[in-house]
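Each chain is listed here by its residues.
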Amino acid sequence: MTTILVIAHTPLATALQSCVRHILPDAADELRTLDVDANQSPEEIFAAAKLLSHDADELLVLTDIFGATPANTAGQLVDDGHCRVLAGVNLPMLLRSVCYRHESLDALATRAQAGGAQGIMPVGCTAPQNQTGPRHAPSYHDHQQ
């Protein structure tokens, strides 16, 4: 099973873990988090990330902003195919990752990225499930993950 590590600016990583705990209580303890403080050195952050991921056979790291310290630290964890890093973490991405962590690392990374992108939607004055008429192409499945 793939280990999932969230590395983000304080307090985002632990806040996302709290959200997962609220929605999927049994899955939250499987999630590892690292909040990055502004006064931490890159070396300290990397050491903490290595400690959190040392026993992972496969590792999916989700970070907040591409090019920022959390993402740069995560990029240092990438090795010979046992680690993938995705920037732009959001709750839909994380929930998708937690729900499918039993899949291969490549499949999980693909699902996580899709979950993050598909979780961004415009919201009108009525929720899509309450609107009448077809919203999607006939081949679209609302509940497909």
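Residues numbered from 1 in each chain as written. Predicted model: local features only at pLDDT ≥ 70, side-chain atom pairs only at ≥ 80, totals over all residues. Heavy atoms only, no water.

## Here we look at helix α3 (residues 69-77)
Here comes step 1: Of the residues making up α3, those classed as buried are Pro70, Ala71, Thr73, Ala74 and Leu77. Within α3, the buried residues cover an arc of 160° as seen down the axis, which keeps them to one side.
Here comes step 2: The inward-facing, buried residues of α3 abut β1 (3-9), β2 (31-36), α2 (42-53), β3 (59-63) and β4 (83-87). (Buried < 20%, exposed > 50% of the residue type's maximum accessible area, 1.4 Å probe, protein only. Helix = DSSP H or I, 4+ residues; strand = E, 2+ residues; numbered from the N terminus. Arc of directions from axis to C-beta. Contact = heavy atoms within 4.5 Å.)

## Thoughts on the packing of aromatic side chains
Here comes step 1: Applying the stated rule across the entire model yields zero aromatic pairs.
Here comes step 2: The residue whose ring lies beneath Arg111 is Tyr100, and the NZ or CZ to ring-centre distance is 4.0 Å. (Phe/Tyr/Trp six-rings, centres within 6.5 Å; stacked < 30°, edge-to-face > 60°. Lys NZ or Arg CZ within 6 Å of the ring centre and 35° of its normal.)

## Digging into the side chain of Asn90
Here comes step 1: Along the chain, the position of Asn90 falls in the loop between β4 and α4 (91-99).
Here comes step 2: A distance of 3.1 Å separates the side chain of Asn90 from the backbone oxygen of Gly116, its partner in a polar contact.
Here comes step 3: Filtering out sequence-adjacent residues up to four positions away, Asn90 remains in contact with Leu16, Gly116 and Ile120. (Polar contact = N/O pair within 3.5 Å; in protein donor to acceptor, adjacent residues only side chain to side chain.)

## As for the sheet that holds β2
Here comes step 1: Ordered by their spatial adjacency, four strands build an open sheet running β2-β1-β3-β4, and the pairing between neighbours is parallel. At either end of the open sheet lies a strand with only one pairing partner, and these are β2 and β4. On average, adjacent strands in this sheet sit at an angle of 20° to one another, irrespective of strand direction.
Here comes step 2: Inspection of the sheet shows β3 paired to β4 by five bridges, in the parallel sense. Bridge pairing links Thr63 to Ala87 in β4. (Pairing = 2+ DSSP bridges. Axes fitted to C-alpha atoms, helices over the stretch in contact; angles between N-to-C directions.)

## A look at the pattern of salt bridges
Here comes step 1: Summed over all chains, the structure comprises three salt bridges.
Here comes step 2: The salt bridge partner of Arg32 is Asp55, with a shortest N-O separation of 2.7 Å. Within this pair, whereas Arg32 is found in strand β2, its partner Asp55 is found in the loop between α2 and β3, the two being separated by 23 residues in sequence. (Salt bridge = Lys/Arg side-chain N within 4 Å of Asp/Glu carboxyl O.)

## Quick notes on the pairing of β3
Taken residue by residue, a regular strand's side chains alternate between the two faces of the sheet.
Here comes step 1: For β3, a buried count of five out of five residues is recorded, marking the element as mostly surrounded by other parts of the structure.
Here comes step 2: Residues Leu59, Val61 and Thr63 of β3 are buried on one face, and the alternating residues Leu60 and Leu62, pointing to the opposite face, are buried as well.
Here comes step 3: As paired strands, β1 and β3 are joined by five bridges and run parallel to one another. Of the residues in β3, the one forming a bridge with Ile7 is Thr63.

## Considerations on the environment of Ile45
Here comes step 1: Secondary-structure assignment places Ile45 in helix α2.
Here comes step 2: Given the relative accessible area of 0%, Ile45 is considered buried.
Here comes step 3: The sequence separation of Ile45 and Ala74 amounts to 29 residues, and the corresponding C-alpha distance is 9.5 Å.
Here comes step 4: Leave out the neighbours within four places in its chain, and Ile45 touches Leu34, Val36, Gln40, Thr69 and Thr73.

Everything listed here is a matter of geometry and, on its own, says nothing about what the molecule does.
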